[in-house]
Every structure is written in structure tokens, then in C-alpha cells.
Amino acid sequence: MNIDSISDSYQFLKLNLDNRILTLSIDRPKKLNALDLTLLQELDDATSNIRQLKDFPLRGLIFTGSGEKAFIAGADIGQMSKMSPLEAEHFAVLGQKVSLLIEDLPFPVIAAVNGFALGGGCEMALSADFIFATRNAVFGQPEVKLGLIPGFGGTQRLAKVVGRNRAKEIIFSGRNLKVEEALEIGLVLKIFEDKESMMNESRATLELMSKNSPLAIAKAKKVMNRGNDLTISNGLELESEQFSQLFASQDMKEGTGAFLEKRQAQFSGK
Ligand code: DAK
């Protein structure tokens, strides 16, 4: 698959592949990267395609917004205001599907949040493994101000990341959170003074991770994501099952062998 040709086919997405790390930018700056139906369909298509890159597996994804002002300022309010309940359901199902596709990608995903991450934007960022943000980043779930509730997983994921009661306070008030508060409550992992340093650090973080076994990372991610929805005993069962499967992998043989031979491991991801 050629990333450039895919990228050219999208109106609102930009894809850039460098050393197996893909940067996916939402590119609708005139509307602060608000998610309309076309943009969501493009995200659905792109994330599905990215998942299927079996012969040329990626090692990481940086999910960001074009420009300096917004990651994603939410779902497109103008478009939503005209939707029937049936169209709204289709819209929400598509948004939830995209958030699950991003969450389930078998490699690390960083949401690099520059500026506004409101409503559906905050929810999309929550689908990543963790969030880096610039000093001007603003988070929030303002849906109740519009007579709505979060529709792309915010009622579920935000509570799991920051705790149920804190998530309730954020969702019921609809208030904006400055980046410092987002850091304090664990929504954001690290703050950067500008977009360039955030993008550089995102890449460096993924490059560091890509030195490790991609198979082990994929399994750790799967167990941790699924474990979020399981009881501790079911989570431990899943952990031991996935752990034991790795003993049939080339990566495990290479990793342990390299340690014993005092050399750098070269992982194939198999
Ligand atoms: N939708 C559509 N257009 C938006 C937008 C949005 N979410 N956010 C910004 N824009 C547009 C503005 O209308 C403006 O367009 P023009 O007037 O120039 O054509 C342009 O982007 C620049 O915005 P501003 O002029 O307003 O820029 P400011 O710097 O003054 O203000 C702002 C930036 C982010 C504070 C402000 O734009 C703002 O408050 N935006 C709305 C933020 C928001 O409320 N986001 C949450 C949206 S609700 C569901 C499915 C999904 C959802 C819920 C339910 N189900 C089906 C159940 C999700 C809901 C949401 O995400």
C-alpha cells in the first residue's frame, strides 16, 4: 500500500510515513478540524487501511491536527443541528467505530494535541494510548451545553482515565480544562511549549518503543485494553494466555537469545 496515494485521496486527512511511524493529521483548519460525516468516513477508511498493512507493519502512529489552533474542536455542530435521530445514530456509531479502530491498532498511538480538543475531539484523543499536548491545549466535553451527551465514547473512556466522579464533574459542567489541569488529573501525559517540540518528542518516544518487540507491544496493548473491561481474575487469565503464546514467537527467542549473547536484539515482529 502506498501511503502517498491514499493520502491524496482524502479531502480532510494528511498522512505522512517516515521510518514506519505514521503521522495522521486532521486537516480542516477553517472549521478548527471539526468532525463532519465526510471527515469521519475518511478516518474510518484510513484507520481500517492502516490496520491491514500486514506486509509492512507500522511501529507507531501520531494522531494530530493541522495548524496550531486545534486538534479537533468537536463534532461538526452545524451538521449535527440538522440531523434526524436516525442520522445521529449513524453518526455516533461511525464515530464510535473510528474510536475503537484507533484504540485497537496493534502498535502505540500518541494523540499529539495542539489547541482545542473539545467534545468529539477530546473523545478521539482518549482513543490513543496516551496524550501529549502543547501549552495552548484545551480539553473539555461541552456537549451538555448543546443539549447533547458525549457520543464517541466520552462517557466511558474519560471515566476510565480520570475516574468516574471527576469525569462526571467535567461532563455535567461542560467546562474547558486548561492543559495544566489536564496533566494534573492524568488526562495528559506531558506538556510541550510548542507543536514542533511535541511532534519531535512524539516521534522520539515511538522510535524508542519501536526498538522493542512489536509483537510483545501488540500483546501488552491488547491485554491492557481488554483488561480494562474485565474482572481482575479474567484479566489475569488473558494475561497468562497471551504471555504463553509469546513462547512460540521468533521475537521471544530473539529477545532472550540476544540478552544471553550480550547483543542488541533485532525483532521481526513474528
Ligand atoms: N463544529 C462546527 N464548526 C466549528 C466547531 C464545531 N465543533 N468549532 C469551531 N467551528 C468553526 C466556527 O464555527 C468557525 O467557523 P466560521 O464561522 O469561520 O465559518 C471556525 O470554526 C472558527 O471558530 P471560531 O471563530 O469560533 O474560533 P474561536 O477561536 O473564536 O473559538 C472555540 C474557538 C473552539 C472556543 C469555538 O469555536 C467553539 O466553542 N467551538 C465549539 C466547540 C464545541 O462545542 N465542541 C463540541 C462539539 S459537540 C453524538 C455524536 C457526537 C457528539 C455528541 C453526540 N451522538 C450522535 C449521540 C459529539 C458532540 C460534540 O463534539
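By convention here, each chain's residues receive numbers from 1 onward along its written sequence. Local features in this predicted model are restricted to residues whose pLDDT is 70 or higher, and side-chain atom pairs enter the listing and the counts only when it is 80 or higher, whereas totals over whole chains, interfaces and linings include all residues. Where side-chain values are given, they derive from all heavy atoms of the structure, hydrogens and water being excluded.

## Details of the sheet that holds strand E6 (residues 116-118)
Applied cut-off: Strand pairing is assigned whenever DSSP detects at least two bridges linking the two strands. Secondary structure elements are defined from DSSP: runs of H or I of at least 4 residues count as helices, runs of E of at least 2 residues count as strands, and each element is numbered from the N terminus. Axis definition: a line fitted to C-alpha atoms, limited for helices to the stretch in contact. Angles are taken between N-to-C directions and run from 0 to 180 degrees.
Reading across from one edge, E4-E6-E8-E9 is the order of the 4 strands in this open sheet, with mixed pairing throughout. Edge positions in the sheet fall to strand E4 (70-72) and strand E9 (176-178), since each of these pairs with one other strand and no more. For this sheet, the mean inter-axis angle between neighbouring strands, taken without regard to orientation, is 20 degrees. Relative to E9, strand E8 (residues 138-140) runs antiparallel, the two being bridged by 3 bridges.

## Overview of the sheet that holds strand E1 (residues 13-18)
Note the following rule: Contact between two residues is taken to exist if any of their heavy atoms lie within 4.5 Å; hydrogens are not considered.
One open sheet accounts for 6 strands, arranged E1-E2-E3-E5-E7-E10; its pairing is mixed. Every other strand in the sheet has two partners, leaving E1 and strand E10 (190-192) as the edge strands with one partner each. Here the average twist between neighbouring strands, direction ignored, is 20 degrees. The sheet contact formed by strand E5 (residues 109-113) and strand E7 (residues 130-134) spans 4 bridges and is parallel. Paired with alanine 111 across the strands is isoleucine 131, a residue of E7. On the sheet, helix H2 (residues 37-51) packs against E1, strand E2 (21-26) and strand E3 (60-65) and is oriented at approximately 175 degrees with respect to E2.

## Quick notes on the side chain of serine 25
So the rule is basically this: Each residue is assigned to one of three classes by its accessible area relative to the maximum for its type, calculated with a 1.4 Å probe on protein chains only: buried under 20%, partly exposed between the two thresholds, exposed over 50%.
As for its placement among the helices and strands, serine 25 is situated in strand E2. Judged by its relative accessible area of 13%, serine 25 falls in the buried class. Apart from residues no more than four positions distant in its own chain, serine 25 is found in contact with Phe12, Leu13, Lys14, Thr64 and Ser66.

## Focus on the side chain of aspartate 36
The cut-off we apply is this: Polar contacts, as used here, are pairs of N or O atoms within 3.5 Å; protein pairs need one atom able to donate a hydrogen and one able to accept it. Residues neighboring in sequence count only if both atoms are side-chain atoms.
Note that aspartate 36 resides in the loop between E2 and H2. Aspartate 36 gets classed as buried once you look at its relative accessible area, which sits at 8%. Of the polar contacts made by the side chain of aspartate 36, one reaches the backbone nitrogen of leucine 39; its length is 2.9 Å. Setting aside residues no more than four positions away along its own chain, aspartate 36 makes contact with Phe12, Arg28, Asp76, Gln79 and Phe91.

## Focus on the nonpolar core
How we decide: The term nonpolar core refers to a set of buried residues drawn from Ala, Val, Leu, Ile, Met, Phe, Trp, Tyr and Cys, joined through side-chain atoms within 4.5 Å.
Ranked by internal contacts, the top residues of the largest apolar core, which has 53 residues, are Leu24, Leu43, Phe63, Val113, Met124, Phe139 and Leu187. Take this core: its biggest share by element is 5 residues, from H2. Residues Ala112, Phe130, Met198 and Met199 belong to the second largest nonpolar core, which totals 10 residues.

## A short note on the pairing of E5
In terms of burial, E5 is a largely internal element, 5 of the 5 residues being buried. Burial along E5 is two-sided: Val109, Ala111 and Val113 and Ile110 and Ala112, pointing in opposite directions, are all buried. Direction of pairing for E3 relative to E5: parallel, over a ladder of 4 bridges. Within E5, the residue paired with threonine 64 across the bridge is alanine 112.

## Some thoughts on the site of the ligand
This is how the line gets drawn: The nearness test applies per residue and asks whether one of its heavy atoms lies within 4 Å of the molecule or strand. Note that accessible areas follow from Shrake-Rupley with a 1.4 Å probe, and for residues the cover is restricted to the protein chains shown. Here the term charged refers only to Asp, Glu, Lys and Arg, the term nonpolar to Ala, Val, Leu, Ile, Met, Phe, Trp, Tyr, Cys and Pro, and the term polar to all other amino acids, Gly among them.
Taken together, 23 residues are adjacent to the ligand, and Lys31, Lys69, Ala73, Ala75 and Gly120 come closest. At a separation of 2.5 Å, an oxygen atom of the ligand approaches a polar side-chain atom of lysine 31. Interatomic distance of 2.6 Å between a side-chain N/O atom of lysine 69 and an oxygen atom of the ligand. In isolation the ligand offers 1100 Å² of accessible surface; the protein chains occlude 65% of this area. Listing elements by their share of the shell around the ligand, those giving two or more residues are helix H3 (77-81), helix H4 (85-103) and E6. The class makeup of the residues in the shell around the ligand is 14 nonpolar, 4 polar and 5 charged.

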